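Chains, contacts and geometry: an overview
Here is how the chains run, residue by residue.
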Amino acid sequence: MEIKTQDFGYKKLYINGELIDSRSRERINVVCPATGETIAQVAKAGKDDAEKALLAAQKGFQYWSKLSLAERTNWMHKLRTAILDKEHELRTAMVHEMGKTYAGAFEDIEAITNALEWYPAAMKNLREEQIPDYENTHTHKMISKPAGVAVAYLAWNFPLLNVGFKLGPALASGCSLIIKPSTLSPLSTYMIGEILAEINFPTGVVNILAGSSREVATPMTTSTIPAVLTMIGSTATGKKVIADSTTSIKKLGMELGGNAPFIVFDDADFDTALNLAIGLKFGNSGQICVAANRIFVHKNIYDKFLKAYVKKASELKIGFGTKENPDVFMGPVVTRSDRDRMFDLVADALDKGATLEYGGNIPKGFPEGGNWIEPTVVSGITQEMDLFSKETFGPVAGIMSFETDDEVLALANDSEYGLASYIFTNDHKRIERFAEELEFGEIQINGVKYAIYLPHGGIKNSGIGHDCSHLALDDYLIKKRISTALD
């Protein structure tokens, strides 16, 4: 299969309202995972650029925090309109930089534009809390104020969705923001920088730069300028950010790793559970923090479910999902090392007694430079296997049977992670029990829904705080108590 890629040219840093080269003039090659070709270059930031961004954001905060909510809203809506005007270019960039489909990239556009519209309204609806005075000597109220400069470290899997999850609440609350996208998929985020420059967005309020963790993230994390550190990424990175942040007291918001259980009982709607198990495992090539990592199926329907699951997985179309290829469901994984990690997970499972039901190979007919792997299904996984305990973050599904409620509840909770979980059953007592006892920040029952107004957050090693919903504003706001003596 011949794949034609697009050249997106060279993109600059966006700091202090300007598109600039990095001080070192170094560049990051943005590589298309479908072919291994360089499809763009972006300016690679260093320590000096990070420090410049911090100072710019500090000044930007002084301006932005003093604007009225109505003024901030006007700017956010202007940015939203400009992003929608460039929707095709942005979606095409995401297809090229991380291999997602054009249809899948719409989710990113929807997320960032919804965030720019929803959060100003959420701020407007934020009410002062009145506290009763039991001695009738004072009045008391709690008011919210923007915390200060926020720094966002973002993962590569949903380039603009991740930007939107931070940009919306930060700007609506009155904070300035520095965005550090992953060096694996910085292209579309740098294009947001170009849009900000085009519309003359207020200087220093948003800054965008990518570079190594040592040269960019560490100087920003250890700086005393940021009031907020927020991220979407791995648990290991989150722990490092927390450790490095202790030069000053900062607010922390983190969406980290996940190892979601997907539990199907024999009284569930079979087709609904089956279709969602496919979509939540192989959508975005499995590179989703809420992906169905461990699929538990009741023994009474296990054979039927496994057979149907393998059939559906085998029918998924693999390819380069540009606008011209709308029937492609799954693209490549982001890097060669990530593909190799998938093979290692499968090999470990097979060595420990699992069965390869489908896939596990490099599909034929695709460019050798790409990071292609078949959708893969492994049955009979156990707790001793890496496929059970580690976050897969790729298109390898691990399936196992269970017999009792107690058994599957213990298996599901046997994880250091606690982000998303899914359960399919029509037994209301069981639903009540699992909703209470599953150790996850999100428990989705007989269906799946994500939206900008619904809280998204984990417990245990899956994070601190929430993205989406009014709860995300908590990361960017400080509370003041105002007590006034009565005459």
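Report follows, based on the coordinates. Along each chain, the written sequence defines residue order, and numbers are assigned to residues from 1. The predicted nature of this model means local features are confined to residues of pLDDT at least 70 and side-chain atom pairs, given and counted, to a pLDDT of 80 or more, with totals for whole chains, interfaces and linings taken over all residues. Computation of side-chain values covers all heavy atoms of the structure but excludes hydrogens and water.

1. A short note on the packing of helix α2 (residues 69-85) against helix α5 (residues 159-173)
Note the cut-off: Fitted lines through C-alpha atoms give the axes, limited to the stretch in contact for helices. The angle between two N-to-C directions lies from 0 to 180 degrees. Counting from the N terminus, the helices are the DSSP runs of H or I reaching at least four residues and the strands are the DSSP runs of E reaching at least two. Angles below 35 degrees are treated as roughly parallel, those above 145 as roughly antiparallel, those between 65 and 115 as roughly perpendicular, and all remaining angles as oblique. The contact rule is simple, with two residues in contact once any of their heavy atoms fall within 4.5 Å. Under the scheme applied, nonpolar residues are Ala, Val, Leu, Ile, Met, Phe, Trp, Tyr, Cys and Pro; charged residues are Asp, Glu, Lys and Arg; polar residues are all the others, including Gly.
α5 packs onto α2 with a crossing angle of 150 degrees between their chain directions and a minimal axis gap of 9 Å. The angle between α2 and α5 places the two elements in the roughly antiparallel class. Along the contact surface, α2 presents Leu69, Arg72, Met76 and Leu79, while α5 presents Leu167, Gly168, Leu171, Ala172 and Ser173. Residues of the contact of α2 with α5, tallied by class, amount to six nonpolar, two polar and one charged.

2. Re the sheet that holds strand β1 (residues 10-11)
Selection criterion: Two strands form a pair only when DSSP identifies at least two bridges running between them.
Reading across the sheet, the three strands line up as β1-β5-β4 and stay open at both edges, with mixed pairing between neighbours. Each edge of the open sheet is held by one strand with a lone partner, namely β1 and β4 (27-31). Sheet analysis places β1 next to strand β5 (residues 38-43), joined by two bridges and oriented parallel. Note that in β5 the partner of tyrosine 10 across the bridge is glutamine 41.

3. Details of the side chain of lysine 166
Mapped onto the elements of the fold, lysine 166 is located in helix α5. Leaving out residues up to four positions away in the same chain, lysine 166 has contacts with Ala152, Leu154, Leu177, Thr230, Met231, Ile232, Gly253, Asp467 and Tyr476.

4. Re the pattern of salt bridges
As a reminder of what qualifies: Criterion for a salt bridge: a side-chain nitrogen of Lys or Arg within 4 Å of a carboxyl oxygen of Asp or Glu. Only protein chains enter the area calculation, which uses a 1.4 Å probe; residues under 20% of their type maximum are buried, those over 50% are exposed, and those in between are partly exposed.
One pass over the full model with this rule turns up 22 salt bridges. Here glutamate 128 and lysine 141 are joined by a salt bridge, their closest N and O atoms 3.9 Å apart. Of the two residues, glutamate 128 is situated in the loop between α4 (102-124) and β6 (129-131) and lysine 141 in strand β7 (residues 138-146); the sequence distance between them amounts to 13 residues. The class of glutamate 128 is partly exposed, set by a relative accessible area of 45%. Several salt bridges share partner residues, and in doing so they unite Asp267, Asp405 and Arg430 into one network.

5. Brief notes about the nonpolar core
Operational definition: Nine residue types can take part in a nonpolar core, namely buried Ala, Val, Leu, Ile, Met, Phe, Trp, Tyr and Cys, and a core is a set of them joined through side-chain atoms within 4.5 Å.
The biggest cluster of nonpolar side chains holds 135 residues, and the ones touching the most others in it are Leu167, Phe201, Val206, Phe262, Ile295, Phe305 and Tyr309. Ranked by the residues each element gives to this core, the list is headed by α4, at ten residues. Val333, Leu345, Met385 and Leu438 belong to the second largest nonpolar core, which has 26 residues in total.

6. Focus: the packing of aromatic side chains
Note the threshold: To pair, rings of Phe, Tyr and Trp, with the six-membered ring standing in for Trp, must have centres within 6.5 Å; the planes then decide the type, stacked if under 30 degrees apart, edge-to-face if over 60, and tilted in the middle. Sitting over a ring, as applied to charges here, requires NZ of Lys or CZ of Arg to be within 6 Å of the ring centre and within 35 degrees of the ring normal.
With the rule as written, the count across this model stands at 13 aromatic pairs. Between tryptophan 64 and phenylalanine 201, the ring centres sit 5.5 Å apart and the planes meet at 35 degrees, which makes this aromatic pair tilted. One end of the pair, tryptophan 64, is in helix α1 (residues 47-64); the other, phenylalanine 201, is in the loop between α6 (187-198) and β10 (206-208), and 137 residues separate them in sequence. Per residue, the accessibility class of tryptophan 64 equals that of phenylalanine 201, and both read buried. Centroid distance tryptophan 118 to tyrosine 119: 4.9 Å. Interplanar angle 90 degrees. Geometry classified as edge-to-face. Put simply, the rings of Phe270, Phe282, Phe305 and Tyr309 touch in pairs and so form one group of aromatic residues. Over the ring of tyrosine 10 we find arginine 27, and its NZ or CZ is 3.7 Å from the ring centre. One residue, lysine 460, lies across the ring of phenylalanine 440, its end atom 5.7 Å from the ring centre.

7. Quick look at the packing of α2 against helix α3 (residues 87-98)
Here α2 crosses α3 at 70 degrees, and the two axes come no closer than 5 Å. It follows that α2 is roughly perpendicular to α3 by the angle criterion. Along the contact surface, α2 presents Ile83, Leu84 and Asp85, while α3 presents Glu87, Glu89 and Leu90.

8. Focus on the sheet that holds β7
Taken in spatial order, the three strands of this open sheet run β6-β7-β23, and their pairing is antiparallel. Each of the sheet's edge strands pairs with one partner strand only, and the pair in question is β6 and β23 (477-485). Taken over all neighbouring pairs, the strand axes of this sheet differ in orientation by 25 degrees on average, direction set aside. Note that β7 and β23 share nine bridges and pair antiparallel. What sits directly across from histidine 140, in β23, is serine 483.

9. Considering the pairing of strand β14 (residues 292-298)
Counting buried positions along β14 yields seven of seven residues, so the element is predominantly enclosed. Note that strand β13 (residues 260-264) and β14 share five bridges and pair parallel. Residue proline 261 lies in a different strand from β14, and its bridge partner there is arginine 294. Across five bridges, the pairing between β14 and strand β17 (residues 396-402) is parallel. Residue pairing for β17: arginine 294 is matched across the bridge by glycine 398.

10. Looking at the pairing of strand β12 (residues 251-255)
Put simply, the rule is: We call a crossover right-handed when, viewed with the strands running away from us, the connection from the first strand over the helix to the second turns clockwise.
Note that strand β11 (residues 226-232) and β12 share five bridges and pair parallel. By the bridge assignment for β12, isoleucine 232 is matched with glutamate 255. With helix α8 (residues 235-244) bridging β11 and its parallel neighbour β12, the resulting β-α-β unit is right-handed. By the bridge criterion, two bridges tie β12 to strand β22 (residues 463-464) in an arrangement that is antiparallel. From the neighbouring strand, methionine 254 faces β22, where its bridge partner is isoleucine 464.

11. Examining unusual backbone geometry
The residue asparagine 284 is not glycine, and still its phi comes out positive at about 55 degrees. Tracing the chain through its elements places asparagine 284 in the loop between α9 (270-282) and β14. On the accessibility criterion, asparagine 284 (15% relative accessible area) is buried. Backbone geometry places lysine 460, a non-glycine residue, at a positive phi of 50 degrees. Here lysine 460 lies in strand β21 (residues 459-460).

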